[in-house]
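Letter by letter, the chains look like this.
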Amino acid sequence: MGSVLSLSANDAASRQRKKAEDDDDDLLDSRDRVEDIAKFPYVEFTGQDSITCPTCQGTGCIPTEQVNELVALIPYSDQRLRPQRTKLYVLLSVLLCLLVSGLVVFFLFPHSVLVDDDGIKVVRVWFDQKNSVVILAITATLRIKNSNFYSVTVTSLTSQVQYMNTVVGTQQITNVSSIQPLSDKLVNFTVKAELGGPFSYMYLFCTFPKVKVHNIVIFMRTSVKLSYIGHTTQSTLETYHYVDCSSNSTAAQDPLPLLSPKAQSEP
């Protein structure tokens, strides 16, 4: 009986030693395989449904300097690549751009600048008895209305006085004034006219004491050049006025019906 138990114990001990030896052999074999795989170069096997990695070009390695520049590949179907409310953001961006564009066009688009005649304010009269000439200094006023959201500059003003279809006086002024946004301004100018030569008879008419009314009709053509944000406009006024040629006057007569202003744009 004692011999049987001793034999069984020996068999069990030998089996354990054999199992331990087998485990050690497996561990050594696995380490050898790992070392062999590490020595084996990387080879990328591409099939019909695969392509070469564009990052490493099939080498399995990336340059060290690009470690912090490259990111992991994310599937196209990943939800993180589909931002929420994209259509809403695009629509709001388009509406905002349209609103801004509309406001810019509304505020910067050139509006009309109206130039109206405000009548003759002062007429001063001199007589040249030796040459039979009547000299008139006519001070007229223009009302310029700016409907834009920016200032308008009156770069020049040219006025011409005619009597009986003959030019008897001209005046030109530069850098006249500046009109503030959404406002109007009165601009005064003086034109000197001489009635002599073929109109020397006007000297007798204007100085004849028995004539109580010495009014004459003159024609005035006034051109105004306006400049704003690179745009130049010219407005022309043509008006008829009564003028007393016998003495100085400060209360001008009402003008005759005003002709329609001619407006033209210059490049």
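The structure under discussion appears in the preceding block.
Residues numbered from 1 in each chain as written. Predicted model: local features only at pLDDT ≥ 70, side-chain atom pairs only at ≥ 80, totals over all residues. Heavy atoms only, no water.

Moving on, we come to the pattern of salt bridges. Following the criterion strictly, the structure yields four salt bridges and no others. Residues Asp 118 and Lys 121 are paired through a salt bridge, measuring 3.3 Å at the closest nitrogen-oxygen approach. The exposure class of Asp 118 is partly exposed, given its relative accessible area of 25%. Taking the relative accessible area as the measure of exposure, Lys 121 reaches 35% and is therefore partly exposed. Across the salt bridge formed by Arg 143 and Asp 118, the nearest N and O atoms sit 3.9 Å from each other. Of this pair, Arg 143 sits in strand 2 (residues 133–146) while Asp 118 sits in strand 1 (residues 113–128), placing them 25 residues apart in sequence. Salt bridges sharing common partners tie together Asp 118, Lys 121, Arg 143 and Asp 184. (Salt bridge = Lys/Arg side-chain N within 4 Å of Asp/Glu carboxyl O. Buried < 20%, exposed > 50% of the residue type's maximum accessible area, 1.4 Å probe, protein only. Helix = DSSP H or I, 4+ residues; strand = E, 2+ residues; numbered from the N terminus.)

Grouped together as the largest cluster of nonpolar side chains are 37 residues, with contacts concentrated most on Leu 136, Leu 195 and Ile 216. At the level of elements, strand 1, strand 2, strand 3 (152–163), strand 4 (166–179), strand 5 (183–195), helix 3 (201–207), strand 6 (215–228) and strand 7 (231–244) are the ones that each hand at least two residues to this core. Residue contacts for Leu 136: discarding those within four places in its chain leaves Val 123, Arg 124, Val 125, Val 191, Lys 192, Ala 193, Leu 195, Ile 216, Val 243 and Cys 245. (Core = buried A, V, L, I, M, F, W, Y, C linked by side-chain atoms within 4.5 Å. Contact = heavy atoms within 4.5 Å.)

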